Structure formats: C-alpha cells, structure tokens
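An overview of the molecular structure
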Amino acid sequence: MTCKKPIDFETLIAYWLGEVPDAGEALLEEHLLGCAYCSKRLERLVALGSGVRAAVKDGKVSMAVSASFVEAMKHAGLRLREYRVEPGAAVNCTISADDDAVVSRLRAPLADVKRVDLVRTRGESEVRVADVPFDAEAGEVLVVPRPAWLKTMPAFQMQMRLIAVDEAGEREIGDYTFNHSPSSRNAQRR
Ligand SMILES: [Zn+2]
C-alpha cells in the first residue's frame, strides 16, 4: 500500500485541525477517500487524541510533544531525524529534504518534576511555552520544530531551556544549544 503523492505530515495535521482552506479541503478529502495509504496515516494521527491538538496549537514554529506522539509518527511511516541532547550540550543539526520531521530529545532530570516550561531563544526573540508534555521516566522533553519552516532556514543558532515549576518556585533543569545548518542537499549553490 503506497501513494505516489503522499499528503505531507503538516498538511495532515492542518486538515485534522480544520485549518485547511475550503478549496484545499475538498481536494484533500477526495485524495483521502481514494487513498488507503494516506487515510491510514491520518487515522493514526487522529488516534493520538486531543493532547496533541494543544501541542500543535501552542506555536507555529515548534511544538513539544508526548512520547506517544513520536511513536505514532513512526508508526505512520514518517521519516524522523532525531537528536538526543544532554543538559549544557550543543548539537549540530539539520533537516534534509527526505526527512518528514526532526525530533529533539532534551534530556533532563524529571523524576520529581510537576510542570515543565520550555523557553526558546533565537536572536532577540524569546518564547516561553508553559506546561509542556514530558516523559518523566525517560527523562526527556520532545520537541518537534515545524518541518516546513525548518527546511527553509539558513544556518542559525537556537537555545532551549527547561524550567521546572512548582509551589516553591522555578529552577532551570537544562539548557541546550542547537547549531542548525541547512543540509547540503537542500542548500543552494552560492
Ligand atoms: Zn495518498
């Protein structure tokens, strides 16, 4: 079961969230009705539940997702590039034209943590997302940058910080540096 022109992951999510313009929606529906491959992938996305809806909506640039979301992305046949980053570490990262998405696994001591906020800094801009999903047992916060956006990006540096929040206050539990460069296959000739 394959598809010559699979609907990309972003579009499937947009369709699921009801964010595809009417004209595009009719075309998508027609494709989905006739394509077992793509409708199966959509089914698996929908099976993830409403937690993901909030995660997808929290930012257009990137989102923190649950471990089950990443599992479902894999089951749906998406090609993922994964980076595991320890607190205080820097990673050189990229996304190729063949990757459906990149998953950053931010490692952190999360055993007794109640709430985690994610702070993203790029240049002058800083965004704080409150109460992101995390996997306490695995000690990871999973972040998926928006693939369509990442594929257009030249080299840049981004910092992420994880803040544990409880009644006693806030404490930083990890900071991570991403040195992104476009993949050579995507890069334009200079
Ligand atoms: Zn299809």
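See above for the structure.
Below you will find a few notes about this structure.

The rules we used
- Residues numbered from 1 in each chain as written.
- Predicted model: local features only at pLDDT ≥ 70, side-chain atom pairs only at ≥ 80, totals over all residues.
- Heavy atoms only, no water.
- Pairing = 2+ DSSP bridges.
- Helix = DSSP H or I, 4+ residues; strand = E, 2+ residues; numbered from the N terminus.
- Axes fitted to C-alpha atoms, helices over the stretch in contact; angles between N-to-C directions.
- Buried < 20%, exposed > 50% of the residue type's maximum accessible area, 1.4 Å probe, protein only.
- Donors = N, O, S within 2.8 Å, 3.2 Å for Na, K, Ca; no water.
- Salt bridge = Lys/Arg side-chain N within 4 Å of Asp/Glu carboxyl O.

1. Structural notes on the sheet that holds strand β9 (residues 169-180)
In spatial order, the strands read β3-β9-β8-β5-β6; together these five strands make up an open sheet with mixed pairing. Unpaired on one side and paired on the other, β3 (90-93) and β6 (125-129) mark the two borders of the sheet. Taken pair by pair, the neighbouring strands of this sheet meet at an average axis angle of 25°, ignoring direction. In terms of strand pairing, β3 meets β9 through four bridges, oriented parallel. Bridge assignment links N92 to a residue of β9, and that residue is N179.

2. Topic: helix α1 (residues 9-16)
Most of α1 is tucked away, with six of its eight residues classed as buried. For α1, the full list of buried residues reads F9, L12, I13, A14, Y15 and W16. G18 sits one or two positions beyond α1 and adopts a positive phi of about 75°.

3. Concerning the coordination of the zinc ion
Taken together, the protein ligands of the zinc ion are C3 (SG), H31 (NE2), C35 (SG) and C38 (SG), with distances of 2.0 to 2.3 Å. Along the chain, the residues that donate to the zinc ion are spaced as C-x27-H-x3-C-x2-C. Classification of H31 as partly exposed rests on a relative accessible area of 25%.

4. What to know about the pairing of strand β5 (residues 115-122)
The two faces of the sheet receive side chains in turn, since in a regular strand these alternate between them. Taken together, the seven bridges between β5 and strand β8 (residues 156-166) define a ladder with antiparallel strand orientation. When the bridges of β8 are listed, T121 appears paired with Q159. Strand direction decides the pairing type here: β5 and β6, joined by five bridges, are antiparallel. The residue of β6 that forms the bridge with V119 is R128. Remark: two residues form the turn of the hairpin made by β5 and β6, two consecutive strands paired antiparallel; G123 in that turn has positive phi of roughly 60°.

5. Digging into the pattern of salt bridges
Inspection of the entire model under this criterion finds 14 salt bridges. Here R105 and E82 are joined by a salt bridge, their closest N and O atoms 2.6 Å apart. Of this pair, R105 sits in strand β4 (residues 101-107) while E82 sits in strand β2 (residues 80-85), and the two are 23 residues apart along the sequence. Since its relative accessible area comes to 31%, E82 is described here as partly exposed. A single network of salt bridges, built from pairs that share partners, joins E82, R84, E86, R105, R107 and E140.

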